[in-house]
Structures are given as C-alpha cells and as structure tokens.
Amino acid sequence: MFENLDTGRLEACTLHRWSPGIGDPTLAGWLTVLAYALCCVLAFKVTRRARKGRERGFWMLVTLAMAFLALNKQLDLQSLLTSVARCVAQAQGWYADRRGVQKEFIEGLLVAIAAVLGLALYLMRRHLRRNGLAVAGLVLVAGFVAIRAVSFHHFDSFLKGQFHSVRFNVILENSGLVLIALNALFLLRRRPGR
C-alpha cells in the first residue's frame, strides 16, 4: 500500500488535512474525556486487586481501552487515519475508487469489534455476575465507536439530536462509561477475595 510513496509529500498532505489539537473542546467533550480517564483509573485499580486469570486480563484490557479512547477523544486520531488514507489514495491514484476500500475497512472494524466483544463474553462467562455491567458498558462504547466509524448520514443526524439540551452521542458514549465505572466501584468496595 505504501510502496512508491514520497513520505515528505505524504506528510505535507496529511498535515494539510489534519493538525494536532483538541478534537472536542466543548464542556461535554472534556467531561467525556474525564469519564474515560476515571474509568481507566478505576479499571486499573480493579486490575491490581483482581486475582490472576481471566478477570484480571479483562480489566487490564478495559484499562488500556479506556486510556486509548481518552486520548483519542481529544487528539482525534481517527481523523488523522482518515487523512493519511486520503493522501495515500490520491498519491496512488485510487481515490476515485475509495468507496470499496472504505467499505472493507468498516466491515473489518465491525468484525474486529464483534470478535473482541464475543471473546470477552466467552472468556468472562463465569464472571459475568461480577463483571456484567462492565461488559455491557463495553458493548455500548464499542457500539458508539462502530456507529461513528460507519458514519451513516441518518445515524449522524440522530446522534446530533438532543434530549434536554444534551446530544444523543454524549448520552450513548457516556452511558457505557457509567456502567464500566459502576462495575469497577462495586468490585472495589467488596473485600478482596470475595
């Protein structure tokens, strides 16, 4: 994919389309970053407290996912990826046929999300009573990420809708984070070994 590319031109093209900065400078955006960070810290505390095994591995993955998503929320890394892909497509002459590549990428992303969630459910099947809220929260957050990746226009208009002046995308994204945080707090309040 990247053969015969002038990296200097690719970098210039990418930086013309994307620049590092705050992706969502609104109050809701910053509160969502704070929610991701809080979930990350709580998940890390659960990881340190959990016995070795699947439950500990699950919470370590939650920790890493929350850390990445907190960074991505404000750095807008998916826009960087989109900019690089556009510049590569233009440089290699397949920009006009990009829809097929976009479709394959989105399908691959959705399959990967479904596989990770399916694997999490399978691996945590004996621990769902203790971790079910976090799994449900991950499903909501992953669903939100998938919806944003697919970016269907009618779904985008739904996400931009509001309920009592709060946008639906904020509600959907943060609902999953609330479930993860509640599950972590529940586990942290219990005495170790129970």
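Residues numbered from 1 in each chain as written. Predicted model: local features only at pLDDT ≥ 70, side-chain atom pairs only at ≥ 80, totals over all residues. Heavy atoms only, no water.

Enquirer: It is not clear to me how the environment of I171 should be interpreted in this structure. Could you clarify?
Expert: Along the chain, I171 falls in helix α8 (residues 168–189). For I171, a relative accessible area of 32% gives the class partly exposed. (Helix = DSSP H or I, 4+ residues; strand = E, 2+ residues; numbered from the N terminus. Buried < 20%, exposed > 50% of the residue type's maximum accessible area, 1.4 Å probe, protein only.)

Enquirer: Help me understand the packing of helix α2 (residues 27–49) against helix α3 (residues 54–75), please; the structure alone is not making it clear to me.
Expert: Helix-helix packing: each pair is described by the crossing angle between the helix axes and the interaxial distance. Look at α2 against α3: their axes get within 8 Å of each other, and the N-to-C directions meet at 160°. Of the possible angle classes, the one that applies to α2 and α3 is roughly antiparallel. The two elements α2 and α3 cross, and the hand of that crossing is left-handed. Its residues assigned to classes, the contact of α2 with α3 comprises 16 nonpolar, five polar and three charged. (Axes fitted to C-alpha atoms, helices over the stretch in contact; angles between N-to-C directions. Parallel < 35°, antiparallel > 145°, perpendicular 65-115°, else oblique. Left-handed = near helix turned anticlockwise from the far one by under 90°. Nonpolar A, V, L, I, M, F, W, Y, C, P; charged D, E, K, R; others polar.)

Enquirer: Looking at this structure, how should I read the side chain of S83?
Expert: Among the structural elements, S83 can be located in helix α4 (residues 77–92). Look at S83 and you get buried, because its relative accessible area is 4%. Once residues within four sequence positions are removed from consideration, S83 is found in contact with T14, R17 and W18. (Contact = heavy atoms within 4.5 Å.)

Enquirer: Honestly, a nonpolar patch on the surface in this entry has me stumped. Any pointers?
Expert: Taken together, the side chains of F44, M60, L61 and L64 define a hydrophobic patch exposed on the protein surface, amounting to about 390 Å² of accessible area. Looking at the nonpolar patch element by element, the count peaks at three residues for α3. By secondary structure assignment, the location of M60 is in helix α3. (Patch = residues over 30% accessible without salt bridge, like charges linked within 9 Å, V, L, I, M, F, W, Y side chains within 5 Å. Areas by Shrake-Rupley, 256 points an atom, 1.4 Å probe, with all protein chains shown as cover. Salt bridge = Lys/Arg side-chain N within 4 Å of Asp/Glu carboxyl O.)

Enquirer: Is there a simple way to explain the pattern of salt bridges in this structure?
Expert: Here the idea is simple: oppositely charged side chains can pair when their charged atoms come close. This model, assessed by the stated rule, comprises three salt bridges. K73 is the partner of E173 in a salt bridge, and the nearest nitrogen-oxygen pair spans 3.2 Å. Of the two residues, E173 sits in helix α8 while K73 sits in helix α3, which places them 100 residues apart along the sequence. Of the two residues, E173 and K73, neither departs from the other in class, the shared state being buried. Among the ionic pairs, E107 bridges to K103, the shortest N-O distance being 3.0 Å. Pair noted here: E107 and K103 are both in helix α5 (residues 98–123), with a separation of four residues, about one helical turn.

Enquirer: Could you clarify how one ought to interpret the state of the cysteines in this entry?
Expert: A covalent bond between the sulfur atoms of two cysteines is what we call a disulfide. On inspection of all chains with the given rule, the structure shows one disulfide. A sulfur-sulfur separation of 2.0 Å characterises the disulfide bridge that pairs C13 with C87. A torsion of -85° about the S-S bond marks the disulfide between C13 and C87 as left-handed. With a gap of 74 residues between them, C13 in helix α1 (residues 7–17) and C87 in helix α4 connect regions that are remote in the sequence. Unpaired in this structure, C39 has its nearest cysteine sulfur neighbour in C40, at a distance of 8.8 Å. (Disulfide = S-S within 2.5 Å.)

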